[in-house]
Every structure is written in structure tokens, then in C-alpha cells.
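# Reading the structure
Chain residues, written in single-letter form:
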Amino acid sequence: MNEPQRQVSSERQFAYYLGAGVIVLGGLMFLSTFALFIANFGEFNNFEGKAKTSMALAFGGMVLMIIGGIIRSLGATGLAGSGAVLDPEQARKDLEPYSRMTGGMISDALSEINPNPTNEPPPRPTIKVRCRACGILNEEDARFCKQCGKPL
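Here goes a summary of the coordinates provided.

Procedures and definitions
Residues numbered from 1 in each chain as written. Predicted model: local features only at pLDDT ≥ 70, side-chain atom pairs only at ≥ 80, totals over all residues. Heavy atoms only, no water. Phe/Tyr/Trp six-rings, centres within 6.5 Å; stacked < 30°, edge-to-face > 60°. Buried < 20%, exposed > 50% of the residue type's maximum accessible area, 1.4 Å probe, protein only. Axes fitted to C-alpha atoms, helices over the stretch in contact; angles between N-to-C directions. Helix = DSSP H or I, 4+ residues; strand = E, 2+ residues; numbered from the N terminus. Parallel < 35°, antiparallel > 145°, perpendicular 65-115°, else oblique. Left-handed = near helix turned anticlockwise from the far one by under 90°. Expected span 1.5 Å × (residues − 1). Bend = angle between axes of the 7 residues up to and from the residue. Contact = heavy atoms within 4.5 Å. Nonpolar A, V, L, I, M, F, W, Y, C, P; charged D, E, K, R; others polar.

A few words now on the packing of aromatic side chains. Each aromatic ring pair is summarised here by two numbers: the centre-to-centre distance and the angle between the ring planes. A complete count under the given rule lists 3 aromatic pairs for this structure. Residues Tyr-16 and Tyr-17 carry aromatic rings whose centres are separated by 5.4 Å and whose planes lie at 80 degrees to one another, so their mutual orientation is edge-to-face. Here Tyr-16 falls in the partly exposed class, since its relative accessible area comes to 30%. Residue classification places Tyr-17 among the exposed residues on the basis of a relative accessible area of 57%.

Let's shift gears to the packing of helix H1 (residues 10-39) against helix H2 (residues 47-81). Two measures define how a pair of helices packs: the angle their axes make with one another and the distance between the axes. Between H1 and H2, the least distance of the axes is 7 Å, while the angle of their chain directions is 160 degrees. With respect to each other, H1 and H2 are oriented roughly antiparallel. In the packing of H1 onto H2, the handedness of the crossing is left-handed.

What follows is about H2. Taking 1.5 Å per residue as the helical rise, H2 with its 35 residues ought to reach 51 Å, and the 47 Å between its terminal C-alpha atoms agrees with that figure. Of all the bends in H2, the greatest measures close to 75 degrees and is centred on Gly-75. Looking at H2, one finds that the buried residues are Ser-54, Ala-58, Gly-60, Gly-61, Gly-68, Gly-75, Ala-76, Thr-77, Gly-78 and Ala-80. Where H2 is buried, its residues meet H1 and helix H3 (88-112). Positive phi appears at Gly-83, one or two residues downstream of H2, with a value of about 95 degrees.

Further remarks concern the packing of H2 against H3. Between H2 and H3, the least distance of the axes is 7 Å, while the angle of their chain directions is 155 degrees. The angle between H2 and H3 places the two elements in the roughly antiparallel class. Facing H2, whose interface residues are Ala-76, Thr-77, Gly-78, Leu-79, Ala-80 and Gly-81, H3 presents Gln-90, Ala-91, Asp-94, Leu-95 and Tyr-98. When its residues are assigned to classes, the contact of H2 with H3 shows 6 nonpolar, 4 polar and 1 charged.

Shown next, in the form of C-alpha cells:
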């Protein structure tokens, strides 16, 4: 059986960071629409041309953010892990680093939980034995009843 993949490949890392960069670029393009609106507020000469430019920037920015998100998702989870290629075995390999990461995060969180803050051993359950003669409860290791003295 193949050794599990411990690291994300450099190609997938590149795709992830490229996608993140495209998202940032698209966000800047989208936000520049508002900066242009504020800079040109009150100016109505060539209004139609400026409006078309602003709409093109906003639309282009949104498209770039969507494309960047897709590229980043493909880089993060691989082609099979993202569902672009239907291959369960390859998907398992592509998602192995993230499954390991998730398990590590859960393990870290559970290690911080201390159910017994005093670190004392839990109390031992008490077992009692009922005397057949008088019905009094006696300790588990008692040989005679503490009430009537008869053998247990």
C-alpha cells in the first residue's frame, strides 16, 4: 500500500496562493469602484463613460474573486478532493493532509480539556453486604455483622 501523503504538493500550494492572489486582486478591483465614485462625486461630465468604467471594474472584480476562489479550492483540496475528478482513491490521497490536520486540531483541543482538575484518582465504588439475619449493610470485607455479630 502506498505511503500516506504528508505534505501538499508544491503545484497545489502554488495554485492555492495564486487563487488567493486573484481573490485579493478582484477585491481591490471591486473596491476601486467605490473609490472612483467618491473621487468623482458631483462631477457629471462624461457621466456615462465613468459609469461604464465603474461597472466594468465592479463586474470584473467579482468575476476575478469567483475564479480565484475556484483556483484556491482546487489547490487546497486537489482535483479529486474538490470533486472535479470523480476518483475516490485519489480524493482520499488529495484530502489526507487536511484530514490529518483536522485530526490534529481535534487532538489539540481535547488535550486542553482536563475532566479532573485536581488530578486525584476517581473514588472507588463502595460495595456493601447485607446481613441475612438483621438486614444491616456491612463493609464488603467484613466477616461478621457490625449490628448482630452473626457471620456474613
